[in-house]
Amino acid sequence: MTEKKHQGSLLSENRKARHLYEILERAECGLVLTGPEVKSLKSGGASFTDSYIDFRDGEAWILNMHIAPYRNGGYAEQVPERPRKALLHKSEIRYFADKTAQKGLTVVPLRLYLHHGLIKLEIGLGRGKKLYDNRIELKKRAEMYDAQRSLLDR
């Protein structure tokens with residue numbers, strides 16, 4: 001899959017995904033949302049805690065993504081954690097569904113952003129990290145930080 005760089009404004013980011021998963025591939029997709037959900041997202045009401053992408057009947061669904069109910073949403077019922085359809089090409093759905101059938105791979109949402117007035121979701125194919133992987137990464141980051149600090153002190 002092609003990796004795209006987004007130019008729009010960031011609405012929400014799943015920072016925990018970088019710590020829990022090694023992201024192998026990324027893709028951009030659209031979302032099927034209601035009007036109050038769009039307003040809530042633009043005001044910063046999204047949470048990615050424990051959310052993931054599931055593939056059912058040739059469609060991609062985002063599960064456990066919390067979008068806070070919009071205060072001025074009117075009388076329409078707003079369900080914060082309802083399954084939402086992700087808009088991907090059939091070939092992309094088939095590709096990611098085949099990859100997730102392998103052991104240890106999952107598709108997680110990474111960030112929500114505006115792109116030419118549309119809300120887009122960046123998803124990533126990830127492999128779960130082990131505890132020692134996180135420790136090694138933290139050690140490398142600390143060494144790099146110390147090296148940069150020593151260069152600035154000179």
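In the block above lies the structure referred to throughout.
Report on the accompanying structure.

1. So, the pairing of strand S4 (residues 52-56)
Of the two faces of S4, the one lined by Ile 53 and Phe 55 is fully buried and the one lined by Tyr 52, Asp 54 and Arg 56 carries no buried residue. Bridge count for S4 against strand S5 (residues 59-63) is 5 bridges, and the pairing is antiparallel. The residue bridging Arg 56 from the neighbouring strand is Glu 59, located in S5. A loop of 2 residues connects S4 with S5, the two strands running antiparallel in sequence, and Asp 57 in this loop sits at a positive phi of about 55 degrees.

2. Side note on the side chain of Lys 120
Along the chain, Lys 120 turns up in strand S9 (residues 118-128). Dropping the residues within four chain positions of it, Lys 120 is found in contact with Glu 28, Cys 29, Gly 30, Arg 111, Leu 112, Tyr 113 and His 115.

3. Section: helix H2 (residues 35-42)
Of all the residues in H2, the buried ones are Pro 36, Glu 37, Ser 40 and Leu 41. Considered in projection along H2, the buried side chains sweep an arc of 140 degrees and stay on one side of the axis. Downstream of H2 by one or two residues, Gly 44 has phi in the positive range, about 90 degrees.

4. As for the pattern of salt bridges
The full count for this structure, using the stated rule, is 9 salt bridges. Asp 54 is the partner of Arg 56 in a salt bridge, and the nearest nitrogen-oxygen pair spans 3.1 Å. The structure contains a network of salt bridges with shared partners spanning Glu 13, Arg 18, Arg 26, Arg 111 and Glu 122.

5. Quick notes on the environment of Ala 27
Looking at where Ala 27 falls in the secondary structure, it is placed in strand S2 (residues 21-31). Exposure remark for Ala 27: the relative accessible area of 7% places this residue in the buried category. On a C-alpha basis, the gap between Ala 27 and Glu 137 in space is 24 Å, while along the polypeptide they are 110 residues apart. Setting aside chain neighbours within four positions, we find Ala 27 in contact with Phe 96, Leu 121, Glu 122 and Ile 123.

Calculation notes
Residues numbered from 1 in each chain as written. Predicted model: local features only at pLDDT ≥ 70, side-chain atom pairs only at ≥ 80, totals over all residues. Heavy atoms only, no water. Buried < 20%, exposed > 50% of the residue type's maximum accessible area, 1.4 Å probe, protein only. Helix = DSSP H or I, 4+ residues; strand = E, 2+ residues; numbered from the N terminus. Pairing = 2+ DSSP bridges. Contact = heavy atoms within 4.5 Å. Arc of directions from axis to C-beta. Salt bridge = Lys/Arg side-chain N within 4 Å of Asp/Glu carboxyl O.

This is a description of form; function is not addressed.
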